[in-house]
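Descriptive structure summary
Chain residues, written in single-letter form:
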Amino acid sequence: MTKIHVKTNINGDKVEFLADPRETLLDCLRDHIGLTGSKEGCGTGDCGACSCIFDGDLVSSCLVLGVEAEGKSIETIEGMAGEKELHPLQKKFIEMAALQCGFCTPGILIAAKALLDRNNDPTESEVRYWLAGNLCRCTGYDKIIKAVMETARDIRETA
Amino acid sequence: MAKDELAKEFKYIGTRPDRPDGFDKVTGRAKYGADVAAVGMLHGAVLRSPYAHARIKSINFEKAAKLDGVKAIVTRDDFPVGIDGDTLKLLENTIAGEFAYYDGHAIAAVAATSVHIAKEAINEIEVEYEVLPHVIDVDEAIKPEAPVVRENAGDFSVPEGSSPNVASYIEFGTGDINSGFDKADLVKSGRFKTEAAHQGYIEPHACMAQLDHDGQGEMWVCTQGHWYIRQMCASVLGLEASKLCVTPSEIGGGFGGKTTIFIEPLALALSKKSGGRPVKIVMSRAEVLRATGPTASASMDVKIGITKDGYLTSGLVEFRMQGGAFGGSPVSEALQCAFASYNMPAVHHIGYDILANRPRAAAYRAPGSPMAAFAVESLIDEICTDLNLDPIDVRLKNAVKEGDKSSYGPKFKKIGLIETLEATKDHPNYSISLGDNQGRGVAAGYWMNHGGETSVSVSLAEDGSVNVTVGTPDIGGSRASIALMTAETYGIPYNSVRVNIAETGALGFNEPTHGSRATLASGKAVYEAANQTISEMCKRVAKKWQIDPDAVFWDNGYAKPAGPNAGDFSPISIKQIASEMDQTGGPIAGHHEASIRGVGHSFGVHIADVEVDPETGRITVLRYLVAQDAGRAIHPSYVEGQFQGGAVQGIGWALNEEYVYGTDGCLQNAAFLDYRIPVASDLPNIDTVIVEVPNPDHPFGVRGVGETGIAPPLPALANAVAAATNVRLRSLPMSPAKVLKAIKTGSDGC
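Conventions adopted
Residues numbered from 1 in each chain as written. Chains lettered and ligands numbered in written order. Predicted model: local features only at pLDDT ≥ 70, side-chain atom pairs only at ≥ 80, totals over all residues. Helix = DSSP H or I, 4+ residues; strand = E, 2+ residues; numbered from the N terminus. Rg over C-alpha atoms; globule rule 2.2 N^0.38 Å. Buried ≥ 20, exposed ≤ 12 C-beta atoms within 10 Å, placed from the backbone. Contact = placed C-beta atoms within 7 Å. Nonpolar A, V, L, I, M, F, W, Y, C, P; charged D, E, K, R; others polar. Core = buried A, V, L, I, M, F, W, Y, C linked by C-beta atoms within 7 Å. Pairing = 2+ DSSP bridges. Axes fitted to C-alpha atoms, helices over the stretch in contact; angles between N-to-C directions. Domains from an automatic or database assignment. Expected span 1.5 Å × (residues − 1). pLDDT = per-residue confidence, 0-100. Parallel < 35°, antiparallel > 145°, perpendicular 65-115°, else oblique. Left-handed = near helix turned anticlockwise from the far one by under 90°.

A separate point is the overall build of chain A. In terms of helices and strands, chain A carries five helices and five strands. Counting from the amino terminus, helix and strand elements in chain A follow one another as β-β-α-β-β-β-α-α-α-α. In terms of C-alpha radius of gyration, chain A reaches 16 Å, essentially the compact-globule figure of 15 Å for 159 residues. Counting only C-alpha atoms, chain A reaches 50 × 30 × 25 Å along its principal axes.

Listed below in structure tokens is the structure:
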């Protein structure tokens, strides 16, 4: 199938790639741009491991076509840390052992950041429901939820 | 290390530093199975059987082979003949021969220049099937007139007159169970059923393989055990093991399911057939659910006798477990775990390993133990309710302790079941008052733990930092625990240790990260290897001081004279020794190889509080407590993580998860939307208590902690639901529909 030239912006960088129209945004990020931090756990939008920010919206990048990225702005896990230090959520996840195998972690961090960017004072229920689309099989979610709540508290205190 | 040192204060062990691979895993840099590519790489796809049972009459791939970009197609004809025994079962499961035995069984594989072309080619392969009768349910499969899954599958142990689907039979016990039942004031029995559950790791199986016609090859694969992958691939492909180099990727969960081969030999065969080009295969989630894992389904009868004051007198179990088309259900382990928590005068165990037209069961966290716990711990709860006895007190009265002979033979050394039961009894969760439609359930669980073949090395870097090389992939923080034990052994900072997971060429054979063994076995071996280097360092310092090596001892990162008689020398640091290595005899390294023993048995006790909606049958877990004996928690955060993760997998098995088959024998819920594992909004916090009764056979007191936690949730939740509703469910999962029916009709779900 003829490939389509896509111009987009990923983590602040201008990026161009050739997409097969059947390819998902996740395929393009991983296979054409080399950003393999976004993971495919299901390919059907059920697990959240491929979570990205697409023009400000939290999406499962396995449910977005690569060609839809034309002219858009995309944020992935590779763009989450600052130049000098990790994002507070990333730091807190390491500090509180909120990951085991780490495969779901990029998607959960992206989703959690999307929540805290909107609401830095969520209740535990809000965090649990916000992250209900991000499957983790290792941790039982306990430490993940606590890490997000603590990061929110830190953000409020430093604000 | 002397045993009395188990009680000493540690400097690093028991602390909670950041894991060494933390940065990689929160930034997306860590490389998992599907995250690599190679120059000239092809993409593989697998054609799978759409039938539960069929004879493969012909495979025609002429059209597929003609598609632009298709470079290789393999079928069973591309694999060696003359293989038998367990290797034949592995090969049969990797790629079907004359028969497809389950929905999803691999029939052929294609390598092409893109994933799209490979998938297109799969659709162009023409297979002529003769559909055969199938059997799915374990109680159906054991009937003598059941459709035969595989001819002559039963081994020598199978009693005459059994169903042709019985692969093996086990029977063992001790004491006179009839006399035990006679002495009981209450004898109770019940039938229990559990459905197959999948390990549900979020990372699908993935590998990249390259194999030349000279028999040399290499693989990158997400696996719990790359030596297992090497051994299995070599055996089904007829390769020399040492010529195959297997590098483990980071692994996105395994839980036992990534200890065997599926796509790996297909990728190697495709690579060879395409002239040695690298071939990458990544499974879809549907393929993972249809063709890998899951664990067995089970049908179980239990009979238990008890005195009115709560002493167990006798127990009998008959477990029938279906482990797919090739046998291998964990029925033996289930029987061993059934009564392992209790000191009973008489027990008898009977087990059947049964074939069905389902994927070949793979290990799943404490294989067999959750089913056994569901049956036995549910029935004990029924007894406690009937006799109005406290469920923790009854377990305390019967709990095994040091010196007791276990229900399946081995004598227990120092164990911590009593301490764990006491911890739950004292915990606030056990006394919080409950409201309407709420109930509390208690259950215990057991796993025997495993040591296994282990090979490690350590080496001193020129600046005095230490490299540790192990063969057990890090799935849940084992780099951190191994670095902590290394730091403790040398007396150097945690951050001065780097733990590497090596490929198969770098060390001797290592069993996978399975059986709760990574921290236990690799940790014990690293301790031995590190002490070799410490001896060598002391020897070199002795030479420098011109004293006897025995007169130098190691203390907290320094070589020191053993006492005033040894001489008056200033301590020499590991940094200085390392900086002078080239002048004093060359590199300093140590290694240790052993079949690690002395695993330390593991017991856990859980308390679950639930609320059941009487109108919908929905169960909400209100609070949940895990108490478990860790021996010693090297990194307590990751020990808690194992407790919490195991408990939540058990909660999923109890409440949501099951393999749903249609009348055609095909899996109907091969997606995460329909095979529903717990999500964050389903759950409360999972409270934990780490009990520490050190394992006397480990230098730091470690017991494996990974597996026990999945067993108690199944009965704990059923017991809590019974307390909330006065209805006993003896069949899992306790889906809302099943619970509602139970409330309305009293049905136990079986």
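Looking only at helices and strands, chain B features 20 helices and 26 strands. For chain B, the C-alpha radius of gyration of 27 Å lies close to 27 Å, the compact-globule estimate for 750 residues. Taking the principal axes of the C-alpha coordinates as reference, chain B spans close to 85 × 75 × 50 Å. Within chain B, buried positions represent 60% of all 750 residues. Considering only contacts within chain B whose residues lie at least 6 apart along the sequence, 80% involve residues at least 24 apart.

A separate point is the interface of chain B and chain A. Counting residues at the interface gives 44 residues for chain B, matched by 44 residues for chain A. Of all the secondary-structure elements, those providing two or more residues to the side of chain B that touches chain A are α1 (22–27) and α18 (636–655) of chain B. For the side of chain B that touches chain A, the element with the most residues is α18 of chain B, which contributes seven residues. Its residues placed into classes, the side of chain B that touches chain A shows 20 nonpolar, 16 polar and eight charged.

Residue and element names in this part refer to chain B. In terms of nonpolar packing, the biggest core is built from 298 residues, with Val110, Leu266, Val526, Leu717 and Val721 touching the most fellow members. The element best represented in this core is helix α15 (residues 518–545), accounting for 13 residues. Ignoring any residue separated from it by four or fewer positions in sequence, one finds Val110 in contact with Gly44, Ala45, Ala64, Val70, Ile73, Ala118, Ala121 and Ile122.

Turning next to the sheet that holds strand β24 (residues 602–612) of chain B. All names here are of chain B. Taken in spatial order, the four strands line up as β16-β24-β25-β26 in an open sheet, and their pairing is mixed. In the strand order of this sheet, the two ends are held by β16 (438–447) and β26 (686–691), each with one partner. Adjacent strand axes in the sheet meet at a mean angle of 15°, parallel and antiparallel pairs treated alike. Of the pairings in the sheet, the one linking β24 to strand β25 (residues 619–629) comprises nine bridges and is antiparallel in character. Among the inter-strand pairings, Glu611 is bridged to a residue of β25, identified as Thr620.

With that settled, consider the domain arrangement of chain A. Interface extent is often summarised as the accessible area lost during association of the parts. Residue and element names in this part refer to chain A. The domain architecture assigned to chain A consists of domain 1 (4–79) and domain 2 (88–158). Here the C-alpha centre of domain 2 lies 22 Å away from the C-alpha centre of domain 1. Every contact between the two is made by 13 residues of domain 1 and, on the other side, 11 residues of domain 2. It is strand β3 (residues 51–54) that provides the largest number of residues to the side of domain 1 that touches domain 2, a total of three residues. In terms of residue class, the side of domain 1 that touches domain 2 is made up of seven nonpolar, five polar and one charged.

As a further point, take the sheet that holds β3 of chain A. Residue and element names in this part refer to chain A. Strand order in the open sheet made by the five strands is β2-β1-β5-β3-β4, with mixed pairing throughout. Looking at strand neighbours, the two that pair on one side only are β2 (13–19) and β4 (57–60), the edges of this open sheet. Sheet twist, expressed as the mean angle between neighbouring strand axes with direction ignored, is 40°. Of the strand pairs in this sheet, strand β1 (residues 4–10) and strand β5 (residues 73–75) are connected by two bridges, and their pairing is parallel. Of the residues in β5, the one forming a bridge with Ile10 is Ile74. Packed on one face of the sheet, helix α3 (residues 105–118) meets β3 and β4 and runs near 40° to β3.

Further remarks concern the pairing of strand β17 (residues 452–460) of chain B. Residues and elements named next belong to chain B. Burial analysis of β17 places seven of its nine residues in the buried class, the great majority of the element. Note that β17 and strand β23 (residues 589–596) share eight bridges and pair antiparallel. Bridging across to β23, Glu453 finds its partner in Ser595. As paired elements, β17 and strand β18 (residues 466–470) share four bridges and run antiparallel to each other.

For the peptide bond that leads from Leu732 of chain B to Pro733 of chain B, omega is -5°, which places it in the cis range. The residue Pro733 of chain B is located in the loop between α19 (713–725) and α20 (736–745) in this model. With a phi angle near 55°, Ala97 of chain A is a residue other than glycine that sits in the positive phi range. Of note in the backbone geometry, Asn449 of chain B takes a positive phi value of approximately 70° without being a glycine. Position of Asn449 of chain B relative to the elements: it lies in the loop between β16 and β17. The class for Asn449 of chain B is buried, based on 25 C-beta atoms found within 10 Å.

All names here are of chain B. Taking 1.5 Å of rise per residue, 13 residues should cover 18 Å, and helix α14 (residues 478–490) covers 18 Å from first to last C-alpha, within 8% of that figure. Here α14 lies mainly inside the structure; 13 of its 13 residues are buried. Following α14 by one or two positions, Gly491 adopts a phi angle in the positive range, close to 75°.

Now for the environment of Lys405 of chain B. You can see Lys405 of chain B is positioned in the loop between α12 (391–398) and α13 (417–426). Sequence separation of Lys405 of chain B and Glu615 of chain B is 210 residues, and the distance between their C-alpha atoms is 48 Å.

Residues and elements named next belong to chain B. Burial of helix α8 (residues 264–273) is extensive: nine of the 10 residues sit out of reach of the surface. Those residues of α8 that fall on the buried side of the exposure criterion are Glu264, Pro265, Leu266, Ala267, Leu268, Ala269, Leu270, Ser271 and Lys272. Of the residues flanking the end of α8, it is Gly275, one or two places downstream, whose phi is positive at about 85°.

Residues and elements named next belong to chain B. Residues with a pLDDT of 70 or more make up 99% of chain B, whose mean pLDDT is 97. Note on residues 1–5: pLDDT is under 50 here. Beyond four places in sequence and across chains, it has two contacts. For this predicted complex, the interface confidence reaches an ipTM of 0.98, while the overall pTM sits at 0.97.

Turning our eyes to something else, we now look at the packing of helix α3 (residues 85–94) of chain B against helix α7 (residues 226–237) of chain B. Residue and element names in this part refer to chain B. Relative orientation of the contacting elements α3 and α7 amounts to 90°, with a least axis distance of 9 Å. Here α3 is positioned roughly perpendicular relative to α7, judged by the angle of their axes. Across the interface between the two elements, Thr87, Leu90, Leu91 and Thr94 of α3 pack against Met232, Ser235 and Val236 of α7. Considering only residue class, the contact of α3 with α7 consists of four nonpolar, three polar and no charged.

We now examine the packing of α7 of chain B against α8 of chain B. Residues and elements named next belong to chain B. Contact pair α7 / α8: the axes reach a minimum separation of 10 Å and the direction vectors enclose 55°. Looking at the two axes, α7 sits oblique to α8. Crossing geometry of α7 relative to α8 is assigned as right-handed. Across the interface between the two elements, Ile229, Cys233, Val236 and Leu237 of α7 pack against Glu264, Pro265, Leu268 and Ala269 of α8. A class-by-class count of the residues in the contact of α7 with α8 yields seven nonpolar, no polar and one charged.

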